[in-house]
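What the coordinates show
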Amino acid sequence: MLKTTPLNQTHRAMNAKMVDFGGWDMPLHYGSQLDEHHKVRSDAGMFDVSHMLAVDIKGESTRAFLRQLFANNVDKLTQPGKALYSCMLNPQGGVIDDLIIYFLTESWFRVVVNAGTADKDMAWMQARRNELAPGLEITPRRDLAMIAVQGPNARAKVWQVIAGSQAVTENLKLFQATTFDQYFIARTGYTGEDGFEIILPATDAANFWNALHAAGVAPAGLGARDTLRLEAGMNLYGQDMDEAANPLESGLGWTVDLKSERDFIGKQALLATPVTQQLIGLLLLDRGVLRSHQKVIAHHDGTEAEGEITSGGFSPTLNQSIALARLPSQVSAGDEVQVVVRDKMLRAKVVKYPFVRNGKSLI
Amino acid sequence: MDIPTNLKYTKSHEWVRLEDDGSVTIGITQHAQELLGDMVFAEIPQVGRKLKQREECAVVESVKAAADVYAPISGEVTAVNSELQSAPEKINQDAYAAWLFKLKPTNTADLDGLLDAAGYQKVLESEAH
């Protein structure tokens, strides 16, 4: 039996093509994934991300606990409403999940975790809580829905739908959130466009979704969500990193705070492990489509080195195939590599990512 | 779903049309394009290539996945729809108009082994269960 979000019937009423996404019955697209992608880049689209889980962590020592639990440093969160992207590591330095932490008050932080890892994350957090901070309450919030509204016109459409919200949210900076009535509104996203991610009571989700639709926001499915995040160069858990991957070899070094004195789970392992690979972008020069797990062959100073595509696909904005690949550290942007696609060797150029931001190619 | 009755089909979702000059035209079905979603790439065999029945001979790729296309019957490739190289979305727009390639059959009787519209309908029904 597949799990459903509060918007399941709404998706079906909009003729969504539904798929089994890690045990959740989710919309892949509502007709054309490409149209949905372009709509987000040029106007506004909305995604049901209620399969992801909001977890509230409450109690006096919350910050001290999260300092140990996460690889990024929650001491960067000084202003209520501020958000931080982080990995949660195991003692071997592998990535249990990537998540966003919101600082609400000194005794209330909210963490949003991936759907596929939610049960594992809850078990891990509760077990560490029992060891390190037994007084804390950790509460999964399945009573909440989450809708991401993304695109250059996304914020204006939300303001149109939630009367009075403009005054309290228009000065939010990126990675900042606030509450307004029953809405928790964050200026975050997974598309490389401006917009909000909005957490609200599950019972209000369908009305809010339909109001956004009436305001001209296009429903967009998981298909477009994936091509948008790949163009934006954002990691996908389970593909670009997992428990076997080192975050420093997964393009996540910027989220791992090794500078402060603070100890955190996984830190000692990361300090003891040499970094020999990197996550870097590929732009396909020949015709075809790059896909995850394809082998990449790089030549460097007369030696051959191998790597693998972790996420690949067709970029609707660039009209060309792009990928994230884990390659040896000595490969650098500008190099040409070969990718094994079925029985052929295709040429690709190594590039820095993101590929696209705010509707524009960066390549 | 409307399945044209003037065409022949395979279980692997190719359609085949026998032309007046004895050649056959081959494409992928409406059902196949719906499953795959927005097409972004098509790799079509070269003119002159000799194909054996059920040989992998083309690839269509959507935003979602790559799918092999198999030769419905044996024959020699006599024409390819090069328009699909720049506009693979034509397959989504009309799967029965956006043909991939044409074959000169080695043995026209091979066509008798293919499914008719009713037979293909049954294949789709069994896949749906």
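Residues numbered from 1 in each chain as written. Chains lettered and ligands numbered in written order. Predicted model: local features only at pLDDT ≥ 70, side-chain atom pairs only at ≥ 80, totals over all residues. Heavy atoms only, no water.

This part takes up the overall build of chain A. Along chain A, the regular secondary structure elements total 9 helices and 21 strands. A compact globule built from 363 residues should have a C-alpha radius of gyration of about 21 Å, and chain A, at 21 Å, falls within 12% of that. Each principal axis of the C-alpha atoms in chain A carries an extent, and together these give about 60 × 50 × 45 Å. The 363 residues of chain A split such that 58% are buried. (Helix = DSSP H or I, 4+ residues; strand = E, 2+ residues; numbered from the N terminus. Rg over C-alpha atoms; globule rule 2.2 N^0.38 Å. Buried < 20%, exposed > 50% of the residue type's maximum accessible area, 1.4 Å probe, protein only.)

Of regular secondary structure, chain B possesses 4 helices and 9 strands. Tracing chain B from N to C terminus, the helices and strands come up as β-β-β-α-β-β-β-β-β-α-α-β-α. Relative to the globule expectation of 14 Å for 129 residues, the C-alpha radius of gyration of chain B, 14 Å, shows essentially globular dimensions. Projected onto its principal axes, the C-alpha coordinates of chain B cover approximately 35 × 35 × 25 Å. Per-residue burial over chain B gives 49% buried out of 129 residues. Here the analysis covers contacts within chain B between residues at least 6 apart in sequence; of these, 60% occur between residues at least 24 apart. Counting only carbon and sulfur atoms, one obtains 47% of the accessible surface of chain B, whose full area is about 6300 Å². Across chain B, the 12 positively charged side chains and the 21 negatively charged ones have centroids separated by 6 Å. (Contact = heavy atoms within 4.5 Å. Areas by Shrake-Rupley, 256 points an atom, 1.4 Å probe, with all protein chains shown as cover. Lys, Arg positive; Asp, Glu negative; His and termini not counted. Charge placed at Lys NZ, Arg CZ, Asp CG, Glu CD.)

Time to look at the sheet that holds strand 13 (residues 218-219) of chain A. All names here are of chain A. With mixed pairing, the 6 strands of this open sheet are ordered in space as 10-11-12-9-3-13. At either end of the open sheet lies a strand with only one pairing partner, and these are strand 10 (177-180) and strand 13. Where helix 5 (residues 154-161) meets the sheet, its contacts fall on strand 9 (144-150) and strand 12 (195-201), and the angle it forms with strand 12 comes to roughly 35°. (Pairing = 2+ DSSP bridges. Axes fitted to C-alpha atoms, helices over the stretch in contact; angles between N-to-C directions.)

Taken together, the contacts link 12 residues of chain A with 15 residues of chain B. Counting each side, the surface lost to burial between chain A and chain B is near 1300 Å², with a carbon and sulfur contribution of 47%. Looking at the side of chain A facing chain B, the largest losses of area belong to A:Arg287, A:Arg291 and A:Arg342, adding up to 44% of the total buried there. Along the contact surface separating chain A from chain B lie 4 salt bridges. Counting the contacts that link chain A with chain B gives 11 residue pairs in polar contact (both at pLDDT 80 or more). Here the side of chain A that touches chain B is built from residues that sort into 4 nonpolar, 3 polar and 5 charged. (Buried area = accessible area lost by both parts, 1.4 Å probe. Salt bridge = Lys/Arg side-chain N within 4 Å of Asp/Glu carboxyl O. Polar contact = N/O pair within 3.5 Å; in protein donor to acceptor, adjacent residues only side chain to side chain. Nonpolar A, V, L, I, M, F, W, Y, C, P; charged D, E, K, R; others polar.)

Let's shift gears to helix 8 (residues 222-231) of chain A. Residue and element names in this part refer to chain A. With respect to burial, helix 8 is a largely interior element, 9 of its 10 residues being buried. Among the residues making up helix 8, those that are buried are Leu222, Gly223, Ala224, Arg225, Thr227, Leu228, Arg229, Leu230 and Glu231. Looking at the residues trailing helix 8, positive phi occurs at Gly233, about 70°.

On to the packing of helix 2 (residues 33-42) of chain A against helix 8 of chain A. Residues and elements named next belong to chain A. It is at 8 Å that the axes of helix 2 and helix 8 come closest, and there the two elements cross at 50°. Judged on the interaxial angle alone, helix 8 and helix 2 are oblique. Where helix 2 crosses over helix 8, the handedness of that crossing is right-handed. On the side of helix 2, the interface is formed by Gln33, Glu36, His37, Val40 and Arg41, while helix 8 contributes Gly223, Ala224, Thr227, Leu228 and Glu231. Per-class residue counts for the contact of helix 2 with helix 8 are 3 nonpolar, 4 polar and 3 charged. (Parallel < 35°, antiparallel > 145°, perpendicular 65-115°, else oblique. Left-handed = near helix turned anticlockwise from the far one by under 90°.)

Attention shifts here to the nonpolar core. All names here are of chain A. Core analysis: the biggest nonpolar cluster contains 32 residues, and Phe47, Leu89, Tyr102, Val112, Met146, Phe184 and Met241 have the highest contact counts within it. Broken down by secondary-structure element, the contributors of at least two residues to this core are strand 5 (83-89), strand 6 (95-105), strand 9, strand 11 (183-186) and helix 8. In this view, Met146 contacts Phe47, Asp48, Val49, Ser50, Met52, Leu53, Ala54, Val112, Ile198 and Ile199; residues no more than four positions away in its chain are not counted. (Core = buried A, V, L, I, M, F, W, Y, C linked by side-chain atoms within 4.5 Å.)

It is worth spelling out the sheet that holds strand 5 (residues 50-51) of chain B at this point. Residue and element names in this part refer to chain B. Spatial ordering of the open sheet is given by 1-2-3-9-8-5, a layout of 6 strands whose pairing is antiparallel. Looking at strand neighbours, the two that pair on one side only are strand 1 (8-9) and strand 5, the edges of this open sheet. Bridge count between strand 5 and strand 8 (residues 75-80): 2 bridges; the pairing is antiparallel. For Leu51, the partnering residue across the bridge sits in strand 8 and is Gly75.

Here we take up the pattern of salt bridges. Oppositely charged side chains can pair when the atoms bearing their charge come close. On inspection of all chains with the given rule, the structure shows 28 salt bridges over all chains. One salt bridge connects A:Asp75 with A:Arg63, and the closest N-O pair in it is separated by 3.7 Å. Taken together, the residues A:Asp75 in the loop between helix 3 (62-69) and strand 5 and A:Arg63 in helix 3 connect sequence positions 12 residues apart. One continuous salt-bridge network, built from bridges that share partners, spans A:Arg291, A:Arg342, A:Lys344, B:Glu43 and B:Glu61.

Let us now look at the domain arrangement of chain A. All names here are of chain A. The domain boundaries assigned to chain A delineate domain 1 (1-272) and domain 2 (276-361). Measuring from the centre of the C-alpha atoms in domain 1 to the corresponding centre in domain 2 gives 27 Å. On the domain 2 side, the residues contacting the 23 residues of domain 1 number 23 residues. At the boundary of domain 1 with domain 2, total buried surface from both sides reaches about 1800 Å², with 50% on carbon and sulfur atoms. The three residues of domain 1 that bury the most area against domain 2 are Leu230, Glu231 and Glu249, which together make up 38% of that side's buried surface. The interface formed by domain 1 and domain 2 contains 0 salt bridges. Where domain 1 touches domain 2, the interface holds 19 residue pairs in polar contact (both at pLDDT 80 or more). (Domains from an automatic or database assignment.)

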